[in-house]
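Listed below are the residues making up each chain.
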Amino acid sequence: MSTAKKIVFFFPAFASSEATAPLGILAVSTPLLRAGYSIRLIDSTITPNFKRRVLEEVKDALCLGISLVTGPMIRETVEIARAVKAWNPQFPVVLGGWHPSLLPEQTLEAECVDIVVRGQGEDSMLEIAQHLENAAALDDIAGIGFKREGKLIFTPERPLKPLVDMPPKAYHLADFDAYEKVCGRRWAMYTSSLACPFNCGYCTNAGVYGRKWNALSADQFIEETVDLTRRYRLELLWVVDDNFLVDLDRARAIGQGLVQAGADFEWSIQATTNLTARLTVEDLRLLRRAGLRQICHGAESGSRKVLNLMNKGFQDFDSIYQTTERCLEAGIRPSFNIIFAYPGEGPRERRETIDFVMDVCRRFPGAEFWTNIFTPYPGAPIMGRAKDLGIEVPTSLEGWTDFFPRYTVLPWLKGKDHDRLQVTRDYLRIAFDRVPIAADRRGRVTRGIQRAISLPARWRLDHDVYGFPIELWLNQKLKKLKVVQKPSVDAKRLEPTAEMSC
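Residues numbered from 1 in each chain as written. Predicted model: local features only at pLDDT ≥ 70, side-chain atom pairs only at ≥ 80, totals over all residues. Heavy atoms only, no water.

Undergrad: I'm lost on the overall build of the chain in this one. Help?
TA: Scanning the chain from N- to C-terminus turns up 19 helices and 15 strands. Dimensions of the chain along its principal axes, counting C-alpha atoms only, are 70 × 55 × 45 Å. Considering the chain as a whole, with its 502 residues, one finds that 56% of them fall into the buried category. A separation threshold of at least 6 residues defines the contact pool for the chain, and within that pool the share at least 24 residues apart is 76%. On the chain, roughly 21,800 Å² of surface is accessible, and the fraction owed to carbon and sulfur atoms is 51%. Each charge class in the chain can be summarised by its mean position, and for the 66 positive and 62 negative side chains these summaries are 4 Å apart. (Helix = DSSP H or I, 4+ residues; strand = E, 2+ residues; numbered from the N terminus. Buried < 20%, exposed > 50% of the residue type's maximum accessible area, 1.4 Å probe, protein only. Contact = heavy atoms within 4.5 Å. Areas by Shrake-Rupley, 256 points an atom, 1.4 Å probe, with all protein chains shown as cover. Lys, Arg positive; Asp, Glu negative; His and termini not counted. Charge placed at Lys NZ, Arg CZ, Asp CG, Glu CD.)

Okay, here's the thing in structure tokens:
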């Protein structure tokens with residue numbers, strides 16, 4: 001039996017300067033705190049010498065918990081876990097979050113990992129702590145995997161709980177002052193619903209939540225968000241629901257309630273275009289008065305053929321144009337994501353997508369697009385075709401480290417084709433303005449120059465001409481004039497070699 005009542009959580013940096021408190025860790029911390037455990041949260045993005053700090057804190061702790069998603073977060077996860085094991089091979093290391101939930105067996109196979117948590121971790125993590133404290137066997141804890149005498153043991157799945165039955169998140173553990181120094185803005189993530197009723201081919205959501213959408217009531221949303229933003233002086237909430245607008249009556253009630261409550265924060269949501277298109281301009285104006293500033297959509301492609309391949313038959317282009325027009329009329333920024341190089345996309349379909357992006361942005365100034373290259377993440381429906389597509393799926397936890405959408409090399413997208421698409425994406429970035437979460441630290445001269453180079457960038461995109469990319473060179477020079485504190489994991493270090501599989 002251990003006398004320790006302290007849990008150490010480590011949150012590895014994702015390659016972004018738009019840092020804020022890790023929602024998953026705040027969620028699992030509340031039951032632990034209520035049960036009398038103390039929590040130490042160490043986020044490498046805001047903690048200098050984070051490895052030394054972790055090694056200091058675990059000396060009198062019960063276990064180390066790490067939350068992560070697929071990609072570069074794995075690098076620091078393994079680094080910290082190995083350091084802890086070098087100090088004490090018997091000290092329990094627990095991994096949870098999206099990646100361990102999707103690939104629990106492969107994750108647990110890592111030598112430096114003792115326990116994995118699958119799916120919702122609030123109850124599981126508390127039971128793990130209690131069993132470790134009492135030196136009890138872990139066999140009766142649902143939804144986890146662990147090792148015994150070198151063998152991997154997995155317990156039955158833990159049924160998903162409706163979000164309304166989950167405890168509030170421990171936002172008081174977050175150092176919002178430190179995050180503000182990194183990001184330049186004071187913001188947080190908030191969850192009001194789980195899952196999505198659709199099953200897009202590239203999305204991992206169904207692998208964790210099974211498409212079973214459930215949500216908090218409008219009253220709870222209003223009460224919690226108003227209190228949260230006022231208590232911690234937050235100017236923005238990023239509502240990270242996979243599809244916020246599934247229930248339009250709930251969305252309208254939230255808008256009305258926030259207006260009546262005198263809410264003074266801005267918020268952003270994610271939704272599919274077919275659901276946003278059901279909102280009238282009056283609905284959107286109500287949400288704007290309530291503080292909604294942005295709706296992010298997964299447009300994904302300008303090709304009907306590719307959308308069908310993605311299992312997005314529910315989406316049509318008319319709804320995207322209607323959504324864009326109505327959002328801008330209501331004062332809400334419409335944002336769209338694009339996925340290039342999805343299996344089945346050829347030069348013709350890619351050209352259709354570029355033309356589509358250019359048309360929307362020209363017809364509706366203020367609309368914005370963010371682009372990615374397709375990344376075949378574990379748990380997505382299309383991963384069932386990985387072998388046929390020639391995708392070499394990583395066979396270890398560390399193998400997923402460089403599975404990062406910013407620099408994705410695919411069997412059908414290599415060499416000059418890959419380089420050309422990256423240049424195209426770079427020109428799309430500078431052709432039209434985009435507004436990130438982080439504070440805009442550009443000076444007036446920099447903004448003026450970037451606005452000027454957007455015009456030749458648009459010409460290049462229209463004519464598919466990318467030789468001698470002087471505009472990109474100039475834009476990179478301008479970026480160096482902006483001094484921004486960088487997180488520990490820098491995406492520039494992640495560019496893969498030709499041998500990498502992703």
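Undergrad: So what exactly am I meant to see when it comes to the pattern of salt bridges here?
TA: Pairing is possible between side chains of opposite charge, provided their charged atoms come close. Evaluated as defined, the whole model comprises 34 salt bridges. The salt bridge involving Asp 114 is made with Lys 85; its shortest N-O contact spans 2.5 Å. Of this pair, Asp 114 sits in the loop between helix 5 (104-109) and strand 5 (115-117) while Lys 85 sits in helix 3 (residues 73-87), and the two are 29 residues apart along the sequence. The class of Lys 85 is buried, set by a relative accessible area of 13%. Here Arg 250 ties to Asp 241 by a salt bridge, and the two come within 3.8 Å at their closest N and O atoms. In this structure Arg 250 comes out as buried when scored by relative accessible area, which is 7%. Judged by its relative accessible area of 0%, Asp 241 falls in the buried class. The network of salt bridges with common partners includes Lys 6, Arg 40, Arg 53, Glu 57 and Asp 60. (Salt bridge = Lys/Arg side-chain N within 4 Å of Asp/Glu carboxyl O.)

Undergrad: Whenever I open this one, helix 1 (residues 23-34) confuses me. Can you help?
TA: Because an α-helix completes one turn every 3.6 residues, residues spaced three or four positions apart along the sequence face the same direction. With twelve residues, helix 1 ought to run about 16 Å at 1.5 Å a step, and its terminal C-alpha atoms sit 18 Å apart, in line with that. Within helix 1, nine of the twelve residues are buried, which leaves it mostly tucked inside the rest of the structure. Among the residues of helix 1, Leu 23, Ile 25, Leu 26, Ala 27, Val 28, Ser 29, Thr 30, Pro 31 and Leu 32 are the ones counted as buried. Of the surrounding elements, those touching the buried residues of helix 1 are strand 1 (6-11), strand 2 (38-43), strand 3 (63-67), helix 6 (122-133) and strand 8 (187-190). (Expected span 1.5 Å × (residues − 1).)

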